[in-house]
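# Structural features, examined
Now for the letters of each chain:
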Amino acid sequence: MHAGTQRRVHIKPTRPAGPGVWFDLIGDDDPREGSAGWQDVSRPRRQSGVEWVGQSASAYVLPLLLDGVEVSPGRDQVIEKDIRAVRSWFVKTKKTGEPPVLAITGPLHFPKSMRWVVADMVWGAKIRDPGGRRVQQALTLTLKQYLEPSVVKSPAKKARHRQGK
């Protein structure tokens, strides 16, 4: 049985661009804000101090369903193509050398402008047609917020250039 359209989630690779996959959200999504980035610092014969090392990225756990059961009366749709697309989100691409960066739309907690990468996936229950092909597949995706790395140029190179070295 298909969930209502308000429970539909679309995940689409944006870097590099690729075809998206529609899912039904089949439980409560679990948004996890980035945790505070304080780390204990040992100090000999004194109480430990704390040092700020930066906030961790947000994570998002989504219980999802690929559903091809009864797409029309008496007709199931095979979902193997969508499953191959989801599996491709774990594989580095030729264009970037990394797995794709994803955009998510739907009734979710985070803004749709945030970008994500797949950190983990757990396959759940499935239904197969008489030919053994999947027509329904539950899965739980764990996503990590993708933050573009920032390149900081060293001031040392500029200083050496000024000094004629």
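Everything below is about the structure shown above.
Here the structure is a predicted model, which means the values were calculated and not measured.

Calculation notes
- The numbering scheme is per chain: residues are counted from 1 as the chain's sequence reads.
- Whole-chain, interface and lining totals are the exception, using all residues; otherwise, since this is a predicted model, local features are given only for residues with pLDDT of at least 70 and side-chain atom pairs are given and counted only at 80 or more.
- Working from all heavy atoms in the structure, the side-chain values ignore hydrogens and water.
- Each aromatic pair joins two rings of Phe, Tyr and Trp (for Trp, the six-membered one) with centres within 6.5 Å, and gets the label stacked for planes under 30 degrees apart, edge-to-face for over 60, and tilted for any other angle.
- Secondary structure counts use DSSP, requiring at least four H or I residues in a row for a helix and at least two E residues in a row for a strand, with both numbered from the N terminus.
- Remark: exposure states derive from per-residue accessible area (1.4 Å probe, protein chains only) relative to the maximum for the residue type, with buried under 20%, exposed over 50%, and partly exposed in between.
- By the criterion adopted, a ring carries a charge over it if an Arg CZ or a Lys NZ lies within 6 Å of its centre and within 35 degrees of its normal.
- The contact criterion used throughout is that any non-hydrogen atoms of two residues lie within 4.5 Å.
- Note: two strands are recorded as paired if DSSP finds a minimum of 2 bridges between them.

## What to know about the packing of aromatic side chains
In this structure the tally under the stated criterion is four aromatic pairs. Aromatic pair Tyr-60 and Phe-110: ring centres 4.9 Å apart, planes at 85°, arrangement edge-to-face. Of this pair, Tyr-60 sits in strand E6 (residues 59-67) while Phe-110 is found in the loop between strand E7 (101-105) and strand E8 (115-128), placing the two residues 50 residues apart along the sequence. Both residues of the pair, Tyr-60 and Phe-110, count as buried. One aromatic cluster is present, formed by Tyr-60, Phe-110 and Trp-116 through successive ring pairs. Taking the ring centre of Trp-123 as reference, the NZ or CZ of Arg-134 above it sits at 5.8 Å.

## Re unusual backbone geometry
The linkage connecting Arg-15 with the following residue, Pro-16, adopts the cis geometry, with an omega of -10°. Mapped onto the elements, Pro-16 comes out in the loop between strand E1 (8-15) and strand E2 (21-25). Not every positive phi belongs to a glycine, and Arg-45 is a case in point at roughly 55°. Looking at where Arg-45 falls in the secondary structure, it is placed in the loop between strand E4 (38-43) and strand E5 (46-52). Residue classification places Arg-45 among the exposed residues on the basis of a relative accessible area of 84%. A positive phi angle, near 50°, is found at Glu-70, a position not held by glycine. Relative to the helices and strands, Glu-70 resides in the loop between E6 and helix H1 (80-88). Residue class for Glu-70 comes out partly exposed when judged on its relative accessible area of 46%.

## Details of H1
Among the residues of H1, Glu-80, Ile-83, Ala-85 and Val-86 are the ones counted as buried. Structurally, H1 contributes buried residues whose contacts are with E2, E6, E8 and strand E9 (134-145).

## Here we look at the pairing of E4
Counting buried residues in E4 gives zero out of six residues, a small share hidden from the surface. Strand direction decides the pairing type here: E4 and E5, joined by five bridges, are antiparallel. Of the residues in E5, the one forming a bridge with Arg-43 is Arg-46.

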